[in-house]
Structure formats: C-alpha cells, structure tokens
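Structural features, examined
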Amino acid sequence: MTDTTVDVSREGSTAILRIHGEITGGSEPPIMAAYAEAGDARSIVLDFGQLDYMNSGGIGLLVTLLVRTQRAGQKLLAVGLSEHYRQILALTRLDEAIAIHDDEPAALAAAASPA
Amino acid sequence: MTSPDPRAPRDQESWARPVDRLTTTAQTTGQDTVTGRRVSGPVQGFGQMWQKTFAVRVPGDDHSPETVIAHWKESFSTFWPKGSTFYAPLAGIAPGEVALFEVPPVPGSPVKMSTGVMVIYADRESFTFMTPEGHALAAWITFSAYRDGDEVVAQAQALERTSDPFIELTYLFGANRANDRFWEQTLANLARSLGVSDPIVETTKVCVDKRRQWRYAGNMRHSPAVNMAVATVTAPARWVRRRRPTG
C-alpha cells in the first residue's frame, strides 16, 4: 500500500504532475495514470514540492517514466526538489537526464524553449 | 548528543550522500578497479534496459522481512555462487559504503574480473547497490523482502543496461542468461540458509527500453577487458621504447 497522489494540470503544451506523499515501487499505478492523463503534452514537469518520502524503488520508477517520455519525444523536468532530493538525483546521476529547475515558471520557460 | 531534526525527511538516513569519485574500506586480495571511478546507473549505460526480478519464498512463521534483510546484509558474500568473492566494506552494507568483488567473466573461468558496487540506499527492509564505471553493467540492484500471506518473499530486482557495445554483444551470446543464473543461485542459497530445503526461484524479465544508447558507446574506455587488450597489444612498442637509448 502506497501513499501517493498526483494532481495533473496543463499549461499550454506542458503537463504538470504534482506529486504528494511518497514515491516507492508501489507508486507506479498513480504516477503512470497521471502520465497517461498528461496525454500528448510535449513536456512533463514533475513537481516534488509535496514529496515527503522516496526509497530506491521510487528512483527506479522515475527511470521507467524517463524512458517512456524519451520514447514519446517528450522533455522531462523537475521542480520543487528539496536539497535532500536534489542530492538523491545527483547521487543516482538522474539529474543528467531530468532537467532540474528552481520553480515552476523557470521549468515552464525551459519546457517552451526549442532546445 | 544531538536529536534528529523533526523536519528531516523519513528517508534521510537511508540514502548515501553524493560522491564525485568512489573510495572504499574493503580489502581485496585482487585488484581495486573501483577507487577513483564514478558511479554509473542505467541512465549512463549503453545496452537495452532490462528489469529483472528474482524472488524466493521463505516461511513467514519463522522470519519477518526485517530479519530476512538483516540476515542477507550480514552474510551477503556467503550466498554467492562458488567462484565469486565479495569483499564487504568495514562498516558493512550501509549507505555510502563501497564493496569490492571478483567474479569469473563466464561461469567456471579461472580468470576473475575485479569490480565493485556502492551502497546507495539501505533501510530495514531493503538495500540498493549501484555499479561503478568499468563494471559490465550500468545498474541498480535492489534487495528487498516483504510479507505475502504466510510467507516472506525475498527478492533481488535489477534495473540494468550493459555498459558498452562489447558487453552488449556478450549479453546477446549467453552472458545475459549467465547473469540470471548467478542471481537465481544466490536467491536459492539465501533461502536454504533460512531453512528452505528445496527453494524455487521465480525469475521475471522485462525489457524496459529496447533502444541502445549509442551516445554511451564510449563507455568502452572504462572497460578493464578493453584496457587489458590495449595494454597487451601495445606492450611490444612500450618494451622497445624503454630499451631505446636516450639522449
């Protein structure tokens, strides 16, 4: 049983997935359902501002999500990371594939840029 | 004495701190090919991405997920198949520690490959290793246990890509299956040590990403096998250069 909820909203061609609670291997159903709801968005922003727990199963799930977005030609970005979770993305070298931004406006601007 | 910060995330103590280059307290009789290297996960690998799960059931009356994981951490090296050696770090399997090991490149080979892993995560019910550059696989492997009815399921789950095109080729020609057998034997040995007389290991393999990441083909420069081959081929030239009079 996992305590994960995800709210999905849309800003133009960018979908924002706000993750509340925890990310573990058991979070796959709510996170993948939210990704499916994002549909044909050109960019996906993961908002970790309400994240309070993540184990190594959760990191594995982020890689699975990353592969899906790459396959669909979408950008994957992250905002709202505390210093602790930034360190985890650095430790696992996921920060080389997921662009980290300080806040949502910066992520949306990066999402809209052509590069 | 300091008390824990109540605002700290619950997982804070379970994760290692990021490091630029690896160092280890493990003592190996072989070569340390890990110190000074960076970690490398499935994002940095070359080959197809696989998720492999190896699971075995043990009686839940005698064991809990916590006791299974404590036993696994404590005696990790003893469950490996014959011919492979695991050198634990002094502090044991704990976040941030780096272990070394020697494994035959193919089962039964007298030659041993030296490599290692960093413990990136550890709690009471799971622990995760990440491989260094130069390892055959760019991978995370998580060892965990959970209760399922009257039983406890112990499992090893790898998320992996081969590191470079050479290793990918060996995977296509049997190394992938040999790697599976390694973990199946390990899980069976773990179950036997927990009192299961005839363990059955269930293996599930999913290809998460069929594509190969050609931008990481250059990982071959970290490969001990490639470095050894280059050193062998260039040895005569180096020998001639050393004997040539200077001045």
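For the structure, check the block above.
A few points on the structure. (Residues numbered from 1 in each chain as written. Chains lettered and ligands numbered in written order. Predicted model: local features only at pLDDT ≥ 70, side-chain atom pairs only at ≥ 80, totals over all residues.)

Topic: the overall build of chain A
Looking only at helices and strands, chain A features 4 helices and 5 strands. Tracing chain A from N to C terminus, the helices and strands come up as β-β-α-β-α-β-α-β-α. At 13 Å, chain A has a C-alpha radius of gyration in line with the 13 Å of a compact globule built from 115 residues. Taken along its principal axes, the extent of the C-alpha atoms in chain A is 35 × 25 × 25 Å. When the 115 residues of chain A are sorted by exposure, 45% land in the buried category. For chain A, contacts bridging at least 24 residues in sequence account for 71% of all contacts bridging at least 6. (Helix = DSSP H or I, 4+ residues; strand = E, 2+ residues; numbered from the N terminus. Rg over C-alpha atoms; globule rule 2.2 N^0.38 Å. Buried ≥ 20, exposed ≤ 12 C-beta atoms within 10 Å, placed from the backbone. Contact = placed C-beta atoms within 7 Å.)

Here's the deal with the interface of chain B and chain A
Taken together, the contact between chain B and chain A spans 26 residues of the former and 20 residues of the latter. Only β4 (113-122), β5 (126-130), β6 (137-148) and β8 (201-209) of chain B provide two or more residues apiece to the side of chain B that touches chain A. Here the side of chain B that touches chain A gets 3 residues from one element, more than from any other, and that element is β5(B).

What to know about the packing of helix α1 (residues 28-38) of chain A against helix α2 (residues 56-71) of chain A
Residue and element names in this part refer to chain A. For the pair α1 and α2, interaxial distance at closest approach is 11 Å and the crossing angle is 20 degrees. Regarding the angle of α1 to α2, the classification is roughly parallel. The element α1 and its partner α2 pack so that their crossing is right-handed. Contacts from Glu28, Ile31 and Tyr35 in α1 reach Leu61, Leu65 and Arg68 in α2. In terms of residue class, the contact of α1 with α2 is built from 4 nonpolar, no polar and 2 charged. (Axes fitted to C-alpha atoms, helices over the stretch in contact; angles between N-to-C directions. Parallel < 35°, antiparallel > 145°, perpendicular 65-115°, else oblique. Left-handed = near helix turned anticlockwise from the far one by under 90°. Nonpolar A, V, L, I, M, F, W, Y, C, P; charged D, E, K, R; others polar.)

So, α2(A)
Its 16 residues place the ends of α2(A) 23 Å apart at the C-alpha level, agreeing with the 22 Å of an ideal helix rising 1.5 Å per residue. For α2(A), the complete set of buried residues consists of Ser56(A), Gly57(A), Gly58(A), Ile59(A), Gly60(A), Leu61(A), Leu62(A), Val63(A), Thr64(A) and Leu65(A). (Expected span 1.5 Å × (residues − 1).)

A look at the pairing of strand β1 (residues 4-11) of chain A
Residues and elements named next belong to chain A. Bridge count for β1 against strand β2 (residues 14-23) is 8 bridges, and the pairing is antiparallel. Paired with Ser9 across the two strands is Ile16, which belongs to β2. Hairpin geometry of β1 and β2 is characterised by an intervening segment of 2 residues between the two adjacent antiparallel strands and by a positive phi of about 60 degrees at Gly12. (Pairing = 2+ DSSP bridges.)

Quick look at unusual backbone geometry
Here Arg93(A), not a glycine, exhibits a phi torsion of approximately 60 degrees, which is positive. Residue position: Arg93(A) is located in the loop between α3 (83-91) and β5 (99-100).

Notes on the sheet that holds β5(A)
Residue and element names in this part refer to chain A. In spatial order, the strands read β1-β2-β3-β4-β5; together these 5 strands make up an open sheet with mixed pairing. Every other strand in the sheet has two partners, leaving β1 and β5 as the edge strands with one partner each. Summarising the sheet, strand β3 (residues 43-54) and strand β4 (residues 75-79) pair through 5 bridges and their orientation is parallel. Across the sheet, the residue bridging to Ile44 is Leu76, located in β4. The strands touched by α1 are β1, β2 and β3; relative to β1, the strand with the most contacts, the crossing angle is about 15 degrees. In the packing of α3 onto the sheet, the strands contacted are β3 and β5, and the crossing angle to β3 comes to about 115 degrees.

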